Amino acid sequence: MKRSSGILMSISSLPSPYGIGTLGKEAYRFADFLHEAGQKYWQMLPLGPTGYGDSPYQSTYSFAGNPYFIDLDMLIEDGLLSKKVLKGIDFGSDPRHVDYGRVYETRFKLLAEAKKNGWERDAEKVAGFRDENSWVEEYALYMAAKRHFGMKSWTDWDDDDLRFRKPETMAGYREELKEDIELFVYIQFLFYKQWDALKKYINNLGISTIGDIPIYVPMDSADVWSEPQYFQLDDQYVPKAVAGVPPDYFSADGQLWGNPLYDWDAMRNDGYGWWIRRIDGVSKLFDVIRVDHFRGFSEYWSVPYGEATAKNGKWMDGPSYDLIERLNGWFKNVEFIAEDLGVPSPALVKLLKDSGWPGMKVLEFAFDSGEESNFLPHTYDNHCICYTGTHDNASLKEWFDDAKKADQKFALEYLGAKDPEDFVWSCIRAGQRSVADLFIVQIQDYLELGKGNRMNIPSTQGGNWCWRLLPRELDKKLAKKIFNMTKMYGRYTAPAEKETLKEESEITAE
């Protein structure tokens, strides 16, 4: 990875008149902003469909795209929707925050209208999409069945034969639920059509995409329903143990995530085929894959199913280098980033070194005045990724405003900032001039936004994953400021020659 920099922002955070960011005009506009600012990476959150809680880290299927991200204006231009069907629809009145309830209530009705208008017209292309993406059949049946059973988790479906995937029962539901199955197939066809055009545009600008892959999948997902043999479940498909993290300084009870744990022996015996397929799917979306909770490959916290907290869990050995070696062998052209945050264990340190993947440094974690920190920029070697903060952190301004006086004083002294108002850009400057190969900044930090503008507060319910840019909040003045700093510290590389842009795209960013 060459010396460079990028910006972290979710697709959901883009401006849009339809309640949530999409793959439409504003995504192209943001790609242009990155280009003008001299950035080489757009880091996003996972793009999968979300379920209860709206977290992109709890997707209903690893291979599917989020229906909310399908741009409605592009559907109008494609003749799949008319403008009149959008009149009078309330997508939410707050341009700064997503109203997921309203998005859920409105989106699928509009996508069903698009399917009605395009299914026969696009029959040949959809057939090709199905042939090239066999996973879509499992996902479409799973989602059609969820709707049939009132959106209940598959573990609570009223037909045990479908839960246990008896072939004759599944065949019957494929016929009975044919209309809904076609709908969810068509939705994925539309998502990938729009995504492929956007990604081509981004890449033609000389920008690469970075995306997270959550280490775990939720119990209520097509992943677990379709391949339960790879998870720690009993013969009734009830989890034997679930994922979490142990008690620490921040939480006396630990964090009980509740995801089913992998049966690593079964995966190893299969040559890790499940992981190879999963990484292959994500590599079609992103140029660089950041593996969330990398420590789970080294050792994982196993909590007996039914526990109210994570306190009574225990550490268990993960697949370690056995899996990493397999992934490195299969995906020679894919770059990985290891999310190795938290208290490092000797096993984790060794696995990170053996993997060859860069780990992470977070500037917000650097300024604890009471102890030495390996997050301070002068301690880095180049083989790491420096972040101002991640989606789980406050913005730099909020961190500073809430920090202890001693930590504020230390941060300002370390950064050489004379005024608290200079903290944010002084911190960004420290990351830019660090030796880290890659420096990533949350867009909220470039905008110097404070309290009320974070993406997620871990271990809390409600109000997360909602933050959005306001229309025209990014401007050429900011792009120029970022560009100048990026170039000053050697993170900008001019393109070899001007490339033809917007090819095969009807969307422009003017």
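Please refer to the structure higher up on the page.
Residues numbered from 1 in each chain as written. Predicted model: local features only at pLDDT ≥ 70, side-chain atom pairs only at ≥ 80, totals over all residues. Heavy atoms only, no water.

Points about the sheet that holds strand E3 (residues 208-213)
If you trace the eight strands from one edge of the open sheet to the other, you get E9-E6-E3-E2-E1-E12-E11-E10, paired in parallel fashion. Either end of the sheet is taken by a strand with one partner, and the two such strands are strand E9 (335-338) and strand E10 (359-362). Averaged over all adjacent pairs, the angle separating strand axes in this sheet is 25°, with direction ignored. (Pairing = 2+ DSSP bridges. Helix = DSSP H or I, 4+ residues; strand = E, 2+ residues; numbered from the N terminus. Axes fitted to C-alpha atoms, helices over the stretch in contact; angles between N-to-C directions.)

Notes on the nonpolar core
Counting 168 residues, the largest nonpolar core has Phe30, Trp42, Trp275, Phe297, Phe423 and Ile443 as the members making the most contacts within it. With 15 residues, helix H8 (residues 178-204) is the largest single contributor of residues to this core. (Core = buried A, V, L, I, M, F, W, Y, C linked by side-chain atoms within 4.5 Å. Buried < 20%, exposed > 50% of the residue type's maximum accessible area, 1.4 Å probe, protein only.)

Digging into helix H14 (residues 346-355)
The complete set of buried residues in H14 reads Leu348, Leu351, Leu352 and Ser355. Down the axis, H14 shows its buried residues gathered within 100° of arc, on one side only. For H14, exposure combined with an orientation more than 90 degrees from the buried face picks out Pro346, Lys350 and Lys353. (Arc of directions from axis to C-beta.)

What to know about the environment of Cys386
The topology assignment puts Cys386 in strand E11 (residues 384-387). Spatially, the C-alpha atom of Cys386 lies 4.7 Å from that of Phe439, the residues being 53 residues apart in sequence. Once residues lying within four places of it in the same chain are set aside, the contact partners of Cys386 are Lys361, Leu363, Tyr380, Gly431, Ser434, Ala436, Leu438, Phe439 and Ile440. (Contact = heavy atoms within 4.5 Å.)

A closer look at the pattern of salt bridges
The final tally for this structure, using the stated rule, is 32 salt bridges. A salt bridge links Arg96 to Glu473; the shortest N-O distance between them is 2.9 Å. Here Arg96 is found in the loop between helix H2 (72-77) and helix H3 (100-118), whereas its partner Glu473 is found in the loop between helix H18 (443-446) and helix H19 (476-488), with 377 residues between them in sequence. Assigned by exposure class, Arg96 and Glu473 land together as buried. (Salt bridge = Lys/Arg side-chain N within 4 Å of Asp/Glu carboxyl O.)

Things to note about H3
The terminal C-alpha atoms of H3 lie 26 Å apart, and with 19 residues this matches the ideal 27 Å at 1.5 Å per residue to within 8%. Contact partners of the buried residues in H3: H2, helix H5 (135-148) and H8. (Expected span 1.5 Å × (residues − 1).)

Some words on the environment of Leu447
With respect to the secondary-structure elements, Leu447 resides in the loop between H18 and H19. By relative accessible area, Leu447 is classed as buried at 17%. Taking the C-alpha atoms as reference points, Leu447 and Leu474, separated by 27 residues in sequence, lie 8.2 Å from one another. For Leu447, the contacting residues outside a window of four places in its chain are Leu469, Glu473, Leu474 and Leu478.

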